[in-house]
Amino acid sequence: MKLFPAIDLLGAQAVRLLQGDYNKVTVYSPDPVQVACSFAQKGAKYLHLVDLDGARAGECENFETIRAIIKATGMYCEVGGGIRTEERVKAYLDLGAKRVILGTAALKDPDFLARMVARYGEAIAVGVDAKNGYVATDGWKQVSAQESFAFCETLCQMGVKTVIYTDIAKDGGLSGTNLAAYQKLVTIQGLNITASGGITTTTELLALKQMGVDAAILGKALYAGALRLEDAVACLEEGGTA
């Protein structure tokens, strides 16, 4: 199972939000490039980057910071946040990002999603952010009438290969992740699931690995010191049991 340490960008700083609330921001570093390099030094091979300004405003606010991170680390980077046009998809891929994450656009404009999947294939992932079982959009400010599991099944039928599924209620709370949701999602044949939101222990990581989850995103647990990245990398490499 792949590990993606997360760097959420707001005003070119590395931050975390509590359950997606822009009024509950913790700034962890004014130097996201240094944070990314430290993750690489601790054994990470993958990186999950989110432009929170972009998610909220639909603009590409942290493009230059993301460029600097990709250049400095050479890591496999996936990027999300406010990506709602092909121009922006292509700009990130040209920058060196290996995967671009569509969120709001995937739900609101399925024709756009279909075109991007047809054109860029597995370089397109979809972020499904669930609030009480329904898909949230626009930086988690709006909740749609679309049930989240059914939406993931629809995405698979459209040719999407990777879904990043976040239970908003678990995000940033250091209270554990929604293992039951991932147990259900991995039954969708042909869809790679990335678990995101609330992962706090190596026991959870191993449980996700054993159920067949493709990747896991680590955020608040790393920044708050609840989980050391070196320990997370080591436990998966050693293939221990939960």
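Being a predicted model, the structure only gives us computed values, none of them experimental.

Reading the values: the criteria
Residues numbered from 1 in each chain as written. Predicted model: local features only at pLDDT ≥ 70, side-chain atom pairs only at ≥ 80, totals over all residues. Heavy atoms only, no water. Helix = DSSP H or I, 4+ residues; strand = E, 2+ residues; numbered from the N terminus. Rg over C-alpha atoms; globule rule 2.2 N^0.38 Å. Buried < 20%, exposed > 50% of the residue type's maximum accessible area, 1.4 Å probe, protein only. Polar contact = N/O pair within 3.5 Å; in protein donor to acceptor, adjacent residues only side chain to side chain. Contact = heavy atoms within 4.5 Å. Salt bridge = Lys/Arg side-chain N within 4 Å of Asp/Glu carboxyl O. Core = buried A, V, L, I, M, F, W, Y, C linked by side-chain atoms within 4.5 Å. Axes fitted to C-alpha atoms, helices over the stretch in contact; angles between N-to-C directions. Parallel < 35°, antiparallel > 145°, perpendicular 65-115°, else oblique. Left-handed = near helix turned anticlockwise from the far one by under 90°. Nonpolar A, V, L, I, M, F, W, Y, C, P; charged D, E, K, R; others polar. Pairing = 2+ DSSP bridges. Arc of directions from axis to C-beta.

Looking at the overall build of the protein chain
Argument step 1. Counting its regular elements, the protein chain contains 11 helices and 12 strands.
Argument step 2. For a compact globule of 242 residues, the expected C-alpha radius of gyration is about 18 Å, and the protein chain comes in at 16 Å, within 12% of that figure.
Argument step 3. For the C-alpha atoms alone, the extent of the protein chain along its principal axes is close to 40 × 40 × 35 Å.
Argument step 4. For the protein chain, the residues scored as buried account for 54% of the 242 residues in total.

Considering the side chain of R99
Argument step 1. Secondary-structure assignment places R99 in strand β6 (residues 99-102).
Argument step 2. Side-chain polar atoms of R99 contact the side chain of E78, separated by 2.7 Å.
Argument step 3. When near neighbours in sequence (up to four residues on either side) are disregarded, R99 contacts F4, Y76, C77, E78, V79, L93, E122, A123, I124, A125, T162 and T194.

Considerations on the pattern of salt bridges
Argument step 1. One pass over the structure, following the stated rule, counts seven salt bridges.
Argument step 2. The partner of R67 in a salt bridge is E64, and the shortest N-O contact between them spans 2.9 Å. On the criterion of helical spacing, the pair formed by R67 and E64 is a turn pair, its members being three residues apart in helix α3 (residues 63-73).
Argument step 3. The exposure class assigned to R67 is partly exposed, which follows from its relative accessible area of 37%.
Argument step 4. For E64, a relative accessible area of 49% translates into the label partly exposed.

A few points about the nonpolar core
Argument step 1. In terms of nonpolar packing, the biggest core is built from 70 residues, with I7, L102, Y165 and L205 touching the most fellow members.
Argument step 2. Apart from the residues lying within four places of it in its own chain, the contact partners of L102 are I83, V89, F112, L113, M116, I124, A125, V126 and G127.

Considering helix α9 (residues 202-211)
Argument step 1. Buried within α9 we find E204, L205, L206, A207, L208 and M211.
Argument step 2. Where the residues of α9 are buried, they touch β1 (2-10), α8 (179-185), β11 (192-196), β12 (215-218) and α11 (229-238).
Argument step 3. Positive backbone phi, approximately 100°, marks G212, located one or two places after α9.

Side note on the packing of helix α4 (residues 86-95) against helix α6 (residues 110-120)
When two helices pack together, their arrangement is given by the angle between their axes and by how far apart the axes lie.
Argument step 1. Their axes nearest at 11 Å, the elements α4 and α6 cross at an angle of 30°. Considering their axes alone, α4 and α6 lie roughly parallel with respect to each other. As for how α4 packs across α6, the hand of that crossing is right-handed. Between α4 and α6, the residues in contact are E86, V89, K90 and L93 and F112, M116, R119 and Y120, respectively.
Argument step 2. When grouped by side-chain class, the residues that make up the contact of α4 with α6 number five nonpolar, no polar and three charged.

Section: the pairing of strand β2 (residues 13-18)
Argument step 1. Of the strand pairs in this sheet, β1 and β2 are connected by three bridges, and their pairing is antiparallel. Opposite L9, over in β2, you have A14 as the bridge partner.
Argument step 2. Between β1 and the antiparallel strand that follows it, β2, lie two residues; G11 among them carries a positive phi value of about 60°.

Side note on α11
Argument step 1. Among the residues of α11, those classed as buried are L229, A232, V233, C235 and L236. Here the buried residues of α11 occupy an arc of 165° about the axis, which is enough to place them on one side. Pointing more than 90 degrees away from the buried face of α11 are the exposed residues E237 and E238.
Argument step 2. On its buried face, α11 is in contact with β1, α1 (32-41), α9, β12 and α10 (220-223).

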